[in-house]
Amino acid sequence: MSFLAIDIGNTRLKWALYASPQPGAALLAHGAVFLENIEQLADSDWRNLPAPHSVLGCNVAGDAMRRRVEEQLELWEVEPRWVVASSHAAGVSNGYDFPGRLGVDRFVALIGARWHVLNRCGAEVPPRAALVVMIGTAVTVDALDETGRFLGGLILPGHGIMLRALEGGTAGLRVPTGEVRDFPTNTSDALTSGGTYAITGAIERMHRHLQKRVGHVPLTLMTGGAGWKVSPTLEIAHELVDSLIFEGMLALQSHRLAL
């Protein structure tokens, strides 16, 4: 019962083949391609893979991108399913004003975080709230309470968008990437430090909000391609979980099969 999970982001498509559609399943193969290279998947990355029994995708790049991926999936006789944000799924209640408008990647990451929370609790360890941070083209910081209810979250630009905005609106700022410093003394370091502290400041602020709301220290999980850049300067306990969206899709698929 192998299971293929596909995550189409704003920049790259990431995929993972698992031995079965359930959290904790063995990872058989994985990879990533930039969106402009999607048409090569059937003849390269996927060519020698065994045909998966089921496919579930998470897509934030639009319908045209989804159709391009579906054309590559014709390599196998399997019909893909695509996640749609809903009011409730796999133990997560969606508190967005209009649940269907929540970004599907955020929704799936929340489900992955909820699985992490429940996997760590027991008779003497009650479920905790979780702060779910995704660092990519954009940054999202989402709050999940101890019952699995999504309380709300932040969206802000990632490093690249911030730098491009400054380059476009300010003359003379096309400088090399710098380092994160407490007291930057050159423009490169000032730009890199400013962007990093804007992101970590938002995360730490939402962490305080959530801790005040639930009365305990939440579990903070960080994922996304640029998480490693932010992690060293984040001054709260946290974990980097590269596979959080895939874990959310595994939990979704497992829950669907159990119904």
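Because the structure is predicted, anything quoted here is derived from the model rather than measured.

### What to know about the overall build of the chain
Item 1. When you go through the chain residue by residue, the secondary structure sums to 6 helices and 12 strands.
Item 2. Its C-alpha atoms give the chain a radius of gyration of 19 Å, within 12% of the compact-globule value 18 Å for 259 residues.
Item 3. Overall, the chain is about 60 × 50 × 35 Å in size when its C-alpha atoms are taken along their principal axes.
Item 4. Looking at the chain as a whole, 47% of its 259 residues are labelled buried.
Item 5. Put simply, 57% of the contacts in the chain that link residues at least 6 apart link residues at least 24 apart.
Item 6. About 13,100 Å² of surface is accessible on the chain, with carbon and sulfur atoms providing 51% of the total.
Item 7. Taking the 22 positively charged and 26 negatively charged side chains of the chain as two groups, their mean positions are separated by 5 Å.

### Re the pairing of strand E8 (residues 130–135)
Item 1. The buried fraction of E8 amounts to 6 of the 6 residues, a majority that puts the element mostly inside the structure.
Item 2. Here 6 bridges tie E8 to strand E9 (residues 138–144), and the two strands are oriented antiparallel to one another. Across the sheet, residue Met-134 finds its bridge partner in E9, namely Thr-140.
Item 3. Linkage of E8 to E9, two consecutive antiparallel strands, is achieved through a turn of 2 residues.
Item 4. Here E8 runs beside strand E11 (residues 219–223); their pairing, made up of 5 bridges, is parallel.

### Some remarks on the pattern of salt bridges
Item 1. Within the structure shown, the criterion is met by 7 salt bridges.
Item 2. Where Arg-106 meets Asp-142, a salt bridge forms, and the shortest distance between an N and an O atom there is 2.6 Å. With a gap of 36 residues between them, Arg-106 in helix H2 (residues 104–120) and Asp-142 in strand E9 connect regions that are remote in the sequence. Take Arg-106 and Asp-142: they sit in the same class, and that class is buried.

### Remarks on the sheet that holds strand E7 (residues 92–94)
Adjacent strands of a sheet form backbone hydrogen bonds with each other and so pair up, either parallel or antiparallel.
Item 1. Ordered in space as E6-E7-E10-E9-E8-E11-E12, the 7 strands form an open sheet in which the pairing is mixed. With partners counted over all chains shown, the strands left at the sheet margins are strand E6 (88–89) and strand E12 (239–240), one partner each.
Item 2. In this fold helix H4 (residues 187–214) packs onto E8, E9, strand E10 (149–157) and E11, with an angle of close to 165 degrees to the strand it touches most, E10.

### Focus: the environment of Pro-127
Item 1. Its location among the elements puts Pro-127 in the loop between H2 and E8.
Item 2. A C-alpha to C-alpha distance of 9.1 Å links Pro-127 and Arg-114, two positions 13 residues apart in sequence.
Item 3. In this structure Pro-127 touches Arg-114, Val-117, Leu-118, Cys-121 and Glu-146, once residues within four positions along its chain are discounted.

### So, the nonpolar core
Item 1. Counting residues in each nonpolar core, the largest one holds 36 residues, and the members touching the most others are Val-83, Val-108, Ile-111, Met-249 and Leu-252.
Item 2. Secondary-structure elements contributing two or more residues to this core are strand E1 (3–8), strand E2 (12–18), strand E4 (54–59), H2, E8, E11 and helix H6 (244–258).
Item 3. Among the elements that take part in this core, H2 stands out by supplying 8 residues, more than any other.
Item 4. Once you skip the residues sitting within four places of it in the chain, Val-83 turns out to touch Leu-56, Gly-57, Val-104, Phe-107, Val-108, Met-249 and Leu-252.

### A few points about the sheet that holds E1
Item 1. On the basis of which strands lie adjacent, the open sheet formed by 5 strands has the order E3-E2-E1-E4-E5 and mixed pairing. Looking at strand neighbours, the two that pair on one side only are strand E3 (27–34) and strand E5 (81–82), the edges of this open sheet.
Item 2. Of the pairings in the sheet, the one linking E2 to E3 comprises 7 bridges and is antiparallel in character. Bridging from a neighbouring strand, Ala-16 pairs with His-30 of E3.
Item 3. In the packing of helix H1 (residues 63–73) onto the sheet, the strands contacted are E1, E2, E4 and E5, and the crossing angle to E1 comes to about 150 degrees.

Rules and cut-offs
Residues numbered from 1 in each chain as written. Predicted model: local features only at pLDDT ≥ 70, side-chain atom pairs only at ≥ 80, totals over all residues. Heavy atoms only, no water. Helix = DSSP H or I, 4+ residues; strand = E, 2+ residues; numbered from the N terminus. Rg over C-alpha atoms; globule rule 2.2 N^0.38 Å. Buried < 20%, exposed > 50% of the residue type's maximum accessible area, 1.4 Å probe, protein only. Contact = heavy atoms within 4.5 Å. Areas by Shrake-Rupley, 256 points an atom, 1.4 Å probe, with all protein chains shown as cover. Lys, Arg positive; Asp, Glu negative; His and termini not counted. Charge placed at Lys NZ, Arg CZ, Asp CG, Glu CD. Pairing = 2+ DSSP bridges. Salt bridge = Lys/Arg side-chain N within 4 Å of Asp/Glu carboxyl O. Axes fitted to C-alpha atoms, helices over the stretch in contact; angles between N-to-C directions. Core = buried A, V, L, I, M, F, W, Y, C linked by side-chain atoms within 4.5 Å.

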